[in-house]
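Summary of structural features
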Amino acid sequence: MMAQIKTAAQMSLHEKLTGLANNLWWSWHPEVGNVFAEIDPQLWTSLDHNPLLLLKEFTPDQLEKRAKELVLHSRVNWAYRRWHEYMQQTRTWGGTHAGVLGQRPVAYFSAEFGIHESLPVYSGGLGILAGDHLKSASDLGIPLVAVGLFYTQGYFKQTLNPEGWQQEDYSQIQISHLPLKPAVDKQGKEVAISVTTRTGVIFAKVWKVDVGRVPLYLLDANVPENSDEDRHLTARLYGGDQRTRIRQEVLLGIGGTRALMALGIRPAVVHMNEGHSAFAGLEVIRFRIKEDEVTFDDALRDAANSSVFTTHTPVPAGHDRFGADLIEEHLGPIRDELHLSHETLMGLGRVEPQNHQETFCMTVLAFKLSRRANAVSALHGVVSRRMWANLWPWRSDDEIPIGHITNGVHVPTWLAPQMRMLYDRVLPSNWSHRTSDPQMWADFASVSPGELWETHTTLKNGLITYVRSRQIAVAKKNNLPESMVEELGNVLDPQVLTIGFARRFAPYKRAGLILNNLDLLAELINDPHKPIQIVFSGKAHPADEPGKRILQDIIRISRDTRFRGKIVFLENYDISRARHLVQGVDVWLNNPRRPLEASGTSGQKVVLNGGLNCSILDGWWAEAYDGSNGFAIGNGRTHVNSDIQDRRDADDLYRVLKDEVIPLYYDRDRDDLPQAWINRMKRTITTLGWRFNADRMVMDYVRETYVPAAGGLSCEMKIR
Ligand SMILES: *Cc1c(COP(=O)(O)O)cnc(C)c1O
């Protein structure tokens, strides 16, 4: 499609498949992924679903032969044609609603991007959200480019030692195995950038990844010009110390902005997804002053007018802070160019600019360098306005200029193919272009209960088979005796109410809450008539000892005779494992310590697939739950003493399981259908599908932030 002059008809099968594999568009079109999978299912699994690696295993002739055997030609041609049509589409939602962006796109900055498991440059929710944002922006035809870092070892792969303690494996990623190409400027020259610090220059090269129509640029410090230390600067996501962190952020914000300039891209809007990229604003200001000789204050005002900032967490540790020395070392040269004193620069990162005790906070900088800022759920908006009120001491609480745009998930990425077939039958034929339209989703109410239940049961069986195969694979790798391997092939029972709990093991998410009273839990799990079972998954940050201890507790308890085969831990939570879990569980459990879960998105993926959420009224669930579309733990109360709150929430959790969830699930009619449960599944999809998806989210960003920031007609963001 790019420089090739060959028409599709002249291209070999190998060329077409390589074309498809080089644009991550394939990753949200399961019918394309299935073609790769069918070529060699085992290889596909062992290669982390990486199509480029798969294709390397075949010569064009071998591939041709394989395709003949499997009758793949017409499917490849069809996929290739659809991809072409997608890339060339001109009539899009963005075309009519984001016209003001025209030739000058939105630049979306994020420290992580979770697009597909084969590109491991994400750790959790923030990255997945960024990935889903790009996919929806592409689908909607929003002019948007994305900027991030390329981590040559990515985030770690999780294994557990015999004591159940988390081990982190890092391995060098081969660039030739990924759909990365050197980014080139208009002259076709490879783009390289540098940032000067007081102690030397940091260099980086720039890679380009195609995410549908959206280009993602990733900066990579592993270049020969760099010192040994800096060659490792972008080795690991969230690795290293404070100094590594600030150098990564200098590269992301300042380097990323320079990369765009070098590419000839002059963004109309800068969107900082979390504070990590807030230095971008300083570079925009510097550029403006150099180009137009305006004053610093004018340049700052202009930069802020065209910048959007999304804050993602009320947890204090989630806001980067740097001491004066690190700031001076890394921003000294840019400060000289801007003619700012050290104290003035420090003031930009302080709530009280004159307060010398205050360190430099990236979130504060981001607020000061953007005129539009938002939290990621209604409740998180309230919490953020309170949390940052001191930045606007002259305003009352409800005048603090932080709005909210609630997170959503990318439907084609998270919807199971079997469920999609059901949508195709029940919803209007153009449903996938109308995912933010409540009327469209209302039609799902007419689905037949038997059909919905059968689809769900198929997906649940798929999850259980998957968990068993993962357990066996891990056991074999650890050389466990054959008898144990066999036992692992029988974990979980498809007839039993299955609860999923998967997320980062940050302590505030309280993965261990349901283990609070083991005797009570044993009763629920071993009930002769109405048993339950639980699948856990999740990584703890390498430096998070308390998180690792919670994980170890779960492993220990899963080995207890009362819980064996009924509480199961799935190693190495990633996008692939998340997909299986959210598509197959009956119930998705979420019990963070309110109000610390800014939004949460995994439960939204469950919604699309007909699972029911059972959650603390925090983040997105506080605005989603209506009494009939899932289950609530507690009533939104909080207690200043977190031990008391934890105990109270655990009691509430057991109560809601015992009194509501379990009876509803096992209440069957003559055909063994849980009619009331199925009704709740329908209510979940009809009331929540339209609100908590990424198309709706990106449309909100366009209307409420991008268009006004680009100078178009303003549409005020919801504050309350
Ligand atoms: C969706 C997702 C998350 C975020 O889930 P939360 O509900 O925000 O905890 C984290 N990791 C993976 C792999 C995911 O797919």
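Bear in mind the structure is a predicted one, so any value in this text is a computation, not a measurement.

This part covers the overall build of the protein chain. Counting its regular elements, the protein chain contains 29 helices and 20 strands. In terms of overall size, the protein chain behaves like a compact globule, its C-alpha atoms giving a radius of gyration of 25 Å where 720 residues would be expected to give roughly 27 Å. Structurally, the protein chain occupies a C-alpha span of about 80 × 70 × 55 Å along its principal axes. Taken across its 720 residues, the protein chain has 59% of its residues classed as buried. The contacts in the protein chain between residues at least 6 apart in sequence include a share of 72% that link residues at least 24 apart. In the structure as shown, the protein chain presents an accessible area of about 28,500 Å², 50% of it carried by carbon and sulfur atoms. Computed over 81 positive and 85 negative side-chain charges, the separation of the two mean positions in the protein chain equals 2 Å.

Before going further, it helps to spend a moment on the packing of helix α1 (residues 13-21) against helix α5 (residues 60-70). Between α1 and α5, whose axes approach to 9 Å, the crossing angle comes to 90 degrees. Between α1 and α5, the crossing angle belongs to the class labelled roughly perpendicular. Of the residues in α5, those in contact with Leu-13, His-14 and Leu-17 of α1 are Pro-60, Leu-63, Glu-64 and Ala-67. Residues that form the contact of α1 with α5 fall into these classes: five nonpolar, one polar and one charged.

The next subject is the sheet that holds strand β17 (residues 567-570). A sheet is described by the order of its strands in space; here six strands give the open sequence β17-β16-β15-β18-β19-β20, paired in parallel fashion. Each edge of the sheet is formed by a strand with only one pairing partner; in this case those strands are β17 and β20 (631-633). When strand polarity is set aside, the average angle formed by the axes of neighbouring strands in this sheet is 20 degrees. Against the sheet, helix α22 (residues 518-525) contacts β16 (532-537) and β17, and its axis sits at roughly 115 degrees relative to β16.

This brings us to the pairing of strand β15 (residues 497-502). For β15, the buried fraction is high: six of the six residues fall into the buried class. Because side chains alternate across β15, one face comprises the buried residues Leu-497, Ile-499 and Phe-501, and the other comprises Thr-498, Gly-500 and Ala-502, equally buried. Bridge count between β15 and β16: six bridges; the pairing is parallel. Of the residues in β16, the one forming a bridge with Leu-497 is Ile-532. Handedness of the crossover is the feature at issue here: the chain leaves β15, passes through α22, returns alongside β16, and the resulting connection is right-handed. Pairing geometry for β15 and strand β18 (residues 587-590), over two bridges, is parallel. Bridge pairing in β18 links Ile-499 to Val-587.

This brings us to the site of the ligand. Around the ligand, the structure places 14 residues, and the nearest of them are Lys-509, Ala-578, Thr-601, Ser-602 and Lys-605. Within the backbone of Thr-601, an N or O atom sits 3.2 Å from an oxygen atom of the ligand. The side chain of Ser-602 places a nitrogen or oxygen atom 2.5 Å from an oxygen atom of the ligand. Alone, the ligand offers 390 Å² of accessible surface; in the complex the protein occludes 95% of this. Across the shell around the ligand, the residue classes tally to five nonpolar, five polar and four charged.

Moving on to the domain arrangement of the protein chain. According to the domain assignment, the protein chain contains domain 1 (13-88), domain 2 (93-407 + 699-710) and domain 3 (430-636 + 666-691). Taken over C-alpha atoms, the centre of domain 1 sits 31 Å from the centre of domain 3.

One pass over the structure, following the stated rule, counts 26 aromatic pairs. Summarising the aromatic geometry, the rings of Phe-501 and Phe-536 are spaced 5.8 Å apart at their centres and angled 55 degrees between planes, so their arrangement reads as tilted. Note that Phe-501 is positioned in strand β15 and Phe-536 in strand β16, a separation of 35 residues in sequence. Taken together through their ring pairs, the aromatic side chains of Trp-453, Phe-631, Tyr-665, Tyr-666 and Trp-677 make up a single cluster. We note Arg-236 situated over the ring of Tyr-170; from NZ or CZ to the ring centre the distance is 3.5 Å. Directly above the ring of Phe-501 sits Arg-503, whose terminal nitrogen or CZ lies 4.9 Å from the centroid.

Core analysis: the biggest nonpolar cluster contains 140 residues, and Leu-17, Phe-36, Leu-134, Phe-279 and Tyr-706 have the highest contact counts within it. Element by element, the count of residues in this core is highest for helix α29 (residues 694-709), at nine residues. A domain split of this core shows at least three residues from each of domain 1 (13-88) and domain 2 (93-407 + 699-710). Ignoring any residue separated from it by four or fewer positions in sequence, one finds Leu-17 in contact with Val-35, Phe-36, Ile-39, Leu-55, Leu-63 and Val-76. Val-485, Ile-534, Val-661 and Ile-685 belong to the second-largest nonpolar core, a separate cluster that totals 90 residues.

The next subject is the environment of His-433. Here His-433 shows up in the loop between α18 (417-426) and α19 (438-442). Along the backbone, His-433 and Asp-649 are 216 residues apart, and their C-alpha atoms lie at a distance of 40 Å.

A few words on the pattern of salt bridges. Within the structure shown, the criterion is met by 46 salt bridges. In this structure, Glu-117 engages Arg-579 in a salt bridge whose closest nitrogen and oxygen atoms are separated by 2.7 Å. Here Glu-117 is found in the loop between β1 (106-109) and α8 (125-140), whereas its partner Arg-579 is found in helix α24 (residues 575-584), with 462 residues between them in sequence. Taking relative accessible area as the criterion, Glu-117 reaches 4% and is therefore assigned buried.

Here we come to unusual backbone geometry. Excluding glycine, a negative phi dihedral is what most residues carry, and trans is how most peptide bonds are arranged. Following Arg-594, the chain continues to Pro-595 via a peptide bond in cis, the omega torsion being 0 degrees. Positionally, Pro-595 belongs in the loop between β18 and α25 (602-608). Located in the positive-phi region is Asp-48, a residue other than glycine, with phi close to 60 degrees. For Asp-48, the location among the structural elements is in the loop between α3 (41-46) and α4 (51-56). Note on Asp-48: relative accessible area 27%, which makes it partly exposed.

Structurally, the position occupied by Arg-258 is in helix α10 (residues 242-262). At 2.9 Å, the side chain of Arg-258 and the backbone oxygen of Ser-194 are in polar contact. The residues contacting Arg-258, other than those within four sequence positions of it, are Ile-193, Ser-194, Val-195, Thr-196, Glu-283 and Arg-286.

Here we come to the pairing of strand β3 (residues 157-160). Inspection of the sheet shows β3 paired to strand β4 (residues 166-169) by four bridges, in the antiparallel sense. The residue of β4 that forms the bridge with Thr-159 is Gln-167.

Inspection of the secondary structure puts Gln-533 in strand β16. At 2.7 Å, the side chain of Gln-533 and the backbone oxygen of Asp-493 are in polar contact. Ignoring sequence-local partners within four residues, the contact set of Gln-533 consists of Ile-464, Leu-492, Asp-493, Val-496, Leu-497, Thr-498, Ile-499 and Lys-566.

Analysis parameters
- Residues numbered from 1 in each chain as written.
- Predicted model: local features only at pLDDT ≥ 70, side-chain atom pairs only at ≥ 80, totals over all residues.
- Heavy atoms only, no water.
- Helix = DSSP H or I, 4+ residues; strand = E, 2+ residues; numbered from the N terminus.
- Rg over C-alpha atoms; globule rule 2.2 N^0.38 Å.
- Buried < 20%, exposed > 50% of the residue type's maximum accessible area, 1.4 Å probe, protein only.
- Contact = heavy atoms within 4.5 Å.
- Areas by Shrake-Rupley, 256 points an atom, 1.4 Å probe, with all protein chains shown as cover.
- Lys, Arg positive; Asp, Glu negative; His and termini not counted.
- Charge placed at Lys NZ, Arg CZ, Asp CG, Glu CD.
- Axes fitted to C-alpha atoms, helices over the stretch in contact; angles between N-to-C directions.
- Parallel < 35°, antiparallel > 145°, perpendicular 65-115°, else oblique.
- Nonpolar A, V, L, I, M, F, W, Y, C, P; charged D, E, K, R; others polar.
- Pairing = 2+ DSSP bridges.
- Right-handed = clockwise from strand over helix to strand, strands pointing away.
- Near = heavy atom within 4 Å.
- Polar contact = N/O pair within 3.5 Å; in protein donor to acceptor, adjacent residues only side chain to side chain.
- Domains from an automatic or database assignment.
- Phe/Tyr/Trp six-rings, centres within 6.5 Å; stacked < 30°, edge-to-face > 60°.
- Lys NZ or Arg CZ within 6 Å of the ring centre and 35° of its normal.
- Core = buried A, V, L, I, M, F, W, Y, C linked by side-chain atoms within 4.5 Å.
- Salt bridge = Lys/Arg side-chain N within 4 Å of Asp/Glu carboxyl O.

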